[in-house]
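Geometric and topological summary
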Amino acid sequence: DLGNLYRNTENFDKYITAHKKSEEIALLIKDYTIVSILDGNWGAFYRNRGEWDSATYFFTKAIDNSRKSGYRKYIGSSFNGLAEVYRHQGRFKESRQFLDSAIRANEEQANRTEMAYSYTLLAKLFNELNHPDSAIYFSRKGIITARATARAVSISSSYTGMAEI
């Protein structure tokens, strides 16, 4: 959508304006599928800016609205987002719990792109916990899963995750 175009070109003022307008319309027509997607995008926006409380709020809202609407394609992405936030905060137990939820959701939705990211995040978590064998195992699993998607961005992310270990 237009908001994501602005985000990808780093025109954040226009991104925020377009995204708010989209959300306003989605709420007006009570389309919680769209609201859940927009909330997930807000969560990612704030996560990328290191604004953990806002990211947590929007990822949680995205999960709630996904459940409310029944549209669960990206719910694993929101669980991944929460896991990432909690890892950055040093809350490793909660991070692991959200990654387990992400993996289950991604399996249910056959979302291999997000599954690859879940494995990469697990590798990063195990690396921070000083469990190198598990970190390498999940990093490899992330790469294998990403390569099966044939999506360059997913493959690149998985290899970058391996390089960080």
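Residues numbered from 1 in each chain as written. Predicted model: local features only at pLDDT ≥ 70, side-chain atom pairs only at ≥ 80, totals over all residues. Heavy atoms only, no water.

1. Side note on the overall build of the chain
- The helix and strand inventory of the chain stands at nine helices and zero strands.
- Seen in sequence order, the chain has helices and strands lined up from the N terminus as α-α-α-α-α-α-α-α-α.
- In terms of overall dimensions, the chain is globule-like: its C-alpha atoms have a radius of gyration of 16 Å, near the 15 Å expected for 165 residues.
- Expressed as lengths along the three principal axes of its C-alpha atoms, the size of the chain is roughly 50 × 30 × 30 Å.
- Residues classed as buried in the chain amount to 42% of the 165 residues present.
- Counting only carbon and sulfur atoms, one obtains 50% of the accessible surface of the chain, whose full area is about 9,000 Å².
- On the chain, the mean spot of the 23 positive side-chain charges and the mean spot of the 19 negative ones are 3 Å from each other. (Helix = DSSP H or I, 4+ residues; strand = E, 2+ residues; numbered from the N terminus. Rg over C-alpha atoms; globule rule 2.2 N^0.38 Å. Buried < 20%, exposed > 50% of the residue type's maximum accessible area, 1.4 Å probe, protein only. Areas by Shrake-Rupley, 256 points an atom, 1.4 Å probe, with all protein chains shown as cover. Lys, Arg positive; Asp, Glu negative; His and termini not counted. Charge placed at Lys NZ, Arg CZ, Asp CG, Glu CD.)

2. Examining helix α3 (residues 32-48)
- Between its terminal C-alpha atoms α3 stretches 24 Å, which fits the 24 Å expected from 17 residues at 1.5 Å a residue.
- For α3, the tally of buried residues reaches twelve of 17 residues, placing the bulk of the element in the interior.
- Within α3, the full set of buried residues consists of Val35, Ser36, Leu38, Asp39, Gly40, Asn41, Trp42, Gly43, Ala44, Phe45, Tyr46 and Arg47.
- Between the side-chain oxygen at the start of α3 and the backbone nitrogen of threonine 33 there is a gap of 3.1 Å, and the oxygen is on aspartate 31.
- Among the residues trailing α3, glycine 50 stands out with phi positive, at a value near 75 degrees. (Expected span 1.5 Å × (residues − 1). Polar contact = N/O pair within 3.5 Å; in protein donor to acceptor, adjacent residues only side chain to side chain.)

3. Structural notes on helix α2 (residues 12-28)
- For α2, spanning 17 residues, the distance from its first C-alpha to its last is 24 Å, which sits close to the expected 24 Å at 1.5 Å a residue.
- Tyr15, Ala18, His19, Glu23 and Ala26 are the residues of α2 that are buried. Viewed along the axis of α2, the buried residues span an arc of 135 degrees, placing them on a single side of the element. With respect to the buried face of α2, the exposed residues turned more than 90 degrees away are Asp13, Thr17, Lys20 and Leu28.
- Positioned one or two residues after α2, lysine 30 has a phi angle of 60 degrees, which is positive. (Arc of directions from axis to C-beta.)

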